[in-house]
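Given next are the chains, with one letter for each unit.
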Amino acid sequence: MKSVEGLQDQQFSRRFAWEYKLTLVLYLLGLIVAEILTTYVNKIWGLSIHTIILFILLVNAAMVESTDFSNLLRSMMPIPIIRIVGLSIPMMQIKPLYWFPIVAIPLFAASIVIMRRQNLTMKDVGMFMGDYRDNYRVQFFIALTGFITGIMEFFILRPDPLIPQFTPVLLLGGFIVLLLSTGLAEELLFRGILQNNAMKLIGAGWGLLYTSLVFCTMHIGWIYFADLVFVFSVALFYGFCLIKTKSIIGITMAHGISNSMLFLVMPFVNLAYFGLH
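Below is a summary of the structure that appears in this document. This one's a predicted model, so the numbers in the text were calculated from it and none came from an experiment.

Rules behind the numbers
Residues numbered from 1 in each chain as written. Predicted model: local features only at pLDDT ≥ 70, side-chain atom pairs only at ≥ 80, totals over all residues. Heavy atoms only, no water. Core = buried A, V, L, I, M, F, W, Y, C linked by side-chain atoms within 4.5 Å. Buried < 20%, exposed > 50% of the residue type's maximum accessible area, 1.4 Å probe, protein only. Helix = DSSP H or I, 4+ residues; strand = E, 2+ residues; numbered from the N terminus. Phe/Tyr/Trp six-rings, centres within 6.5 Å; stacked < 30°, edge-to-face > 60°. Lys NZ or Arg CZ within 6 Å of the ring centre and 35° of its normal. Polar contact = N/O pair within 3.5 Å; in protein donor to acceptor, adjacent residues only side chain to side chain. Axes fitted to C-alpha atoms, helices over the stretch in contact; angles between N-to-C directions. Parallel < 35°, antiparallel > 145°, perpendicular 65-115°, else oblique. Contact = heavy atoms within 4.5 Å. Nonpolar A, V, L, I, M, F, W, Y, C, P; charged D, E, K, R; others polar. Left-handed = near helix turned anticlockwise from the far one by under 90°.

1. Here we look at the nonpolar core
Among the nonpolar cores identified, the biggest contains 33 residues, and Met76, Ile79, Phe190, Tyr210 and Val214 are the most heavily contacted of them. Sorting the residues of this core by element identifies α1 (2-41), α2 (43-63), α3 (67-76), α4 (78-88), α5 (99-117), α7 (168-202), α8 (204-217) and α9 (225-245) as the ones contributing at least two each.

Below, the structure is given as structure tokens:
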């Protein structure tokens, strides 16, 4: 009798595991559709889809039986919020550099709420140096990869600089803004909260892949397919570092340095040495 009940429980778990995975795929496809509509068709349509996704996530997280799945759905709610807030910024007379902290404020607020509701500690989301004795050295070398990835992505996107002049004060100020607004805000949500919740539900490998795809989806607006491939590869690397070190310190620094090289340093270097915009 116990063996029959055990078999039924296993079949029940497998069925719901596949339902969860299918649901996650549908959310991913929904985000992709919303980003494509926003970038190539109509921003209002894209905004509408993101709003619908946010509403469905809210209802779904409240109704689902699995605590782990509910936590994962809640950790995805800030993603459409990022785009909803981001789409409203160009309507304001704000310098592009300050778009990042404006988007980051609700992102931080949402991450803090999620951490409190899910009883996550700073260690749970990777806000520590790691469990290994040599982790300080490891985190340092992870951070250094930001210089390489920033230079590489610049030659894909070639963006204009986010600061008017290449001066130490503006460079330092811009770096702090990007480190906090993109490095810390995004890594806390995507790796510290979302990836950890995904790995609890669908395993380390699938959790890493899913989080990286979601992160990549939010870069569709840059238009270039090569950049999507690049961002996906970097996301896999950052997620792998989280799995190995349990910390987001190094990847947060790498993310901030990478965006600083992309938006603050390389546009001026490119102009000075190659005379190109």
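2. Section: the packing of aromatic side chains
Under the counting rule described, the total for this entry stands at eight aromatic pairs. Considering the side-chain rings of phenylalanine 140 and phenylalanine 141, the 5.6 Å spacing of their centres and the 70 degrees angle between planes classify their relative orientation as edge-to-face. Members of the aromatic cluster, joined through ring pairs, are Phe100, Trp222 and Phe263. Its guanidinium or amino end placed over the ring of phenylalanine 215, arginine 191 lies 4.5 Å from that ring's centre, counting from NZ or CZ.

3. Quick notes on the environment of asparagine 42
Among the secondary structure elements, asparagine 42 is positioned in the loop between α1 and α2. Within the structure, the side chain of asparagine 42 is placed 2.8 Å from the backbone nitrogen of isoleucine 44, a separation counted as a polar contact.

4. Side note on the packing of helix α6 (residues 135-157) against α9
As a packed pair, α6 and α9 sit with axes 11 Å apart at the nearest point and diverge in direction by 175 degrees. Comparing the axis directions of α6 and α9 gives the class roughly antiparallel. Of the residues in α9, those in contact with Asn135, Val138, Gln139, Ile142, Thr145, Thr149, Met152, Glu153, Ile156 and Leu157 of α6 are Ala226, Asp227, Phe230, Val231, Val234, Phe237, Tyr238, Cys241 and Thr245. For the contact of α6 with α9, the residue count by class is twelve nonpolar, five polar and two charged.

5. Topic: the side chain of serine 247
Counting through the fold element by element, serine 247 comes out in the loop between α9 and α10 (249-274). A distance of 3.5 Å separates a polar side-chain atom of serine 247 from the backbone oxygen of glycine 126.

6. Focus on the environment of isoleucine 114
Looking at the secondary structure, you find isoleucine 114 in helix α5. Look at isoleucine 114 and you get buried, because its relative accessible area is 8%. Put simply, isoleucine 114 and methionine 77 are 37 residues apart on the chain and 9.6 Å apart in space, counted from C-alpha to C-alpha. Residue contacts for isoleucine 114: discarding those within four places in its chain leaves Arg74, Ser75, Pro78 and Ile193.

7. A few points about the packing of α7 against α9
At a minimum axis distance of 11 Å, the contact between α7 and α9 shows a crossing angle of 65 degrees. Classified by the interaxial angle, the pair formed by α7 and α9 is roughly perpendicular. Seen along the crossing, α7 lies across α9 with a hand that is right-handed. On α9, the residues touching Glu187, Arg191, Gln195, Asn196 and Met199 of α7 are Ala235, Tyr238, Gly239, Leu242 and Ile243. Its residues assigned to classes, the contact of α7 with α9 shows five nonpolar, three polar and two charged.

8. What to know about unusual backbone geometry
The bulk of non-glycine residues show a negative phi, and the bulk of peptide bonds are trans. Look at isoleucine 223: it is not a glycine, yet its phi comes out positive at around 75 degrees. Relative to the assigned elements, isoleucine 223 resides in the loop between α8 and α9. The backbone phi angle of lysine 246 is positive, close to 65 degrees, even though this residue is not glycine. Within the secondary structure, lysine 246 is located in the loop between α9 and α10.

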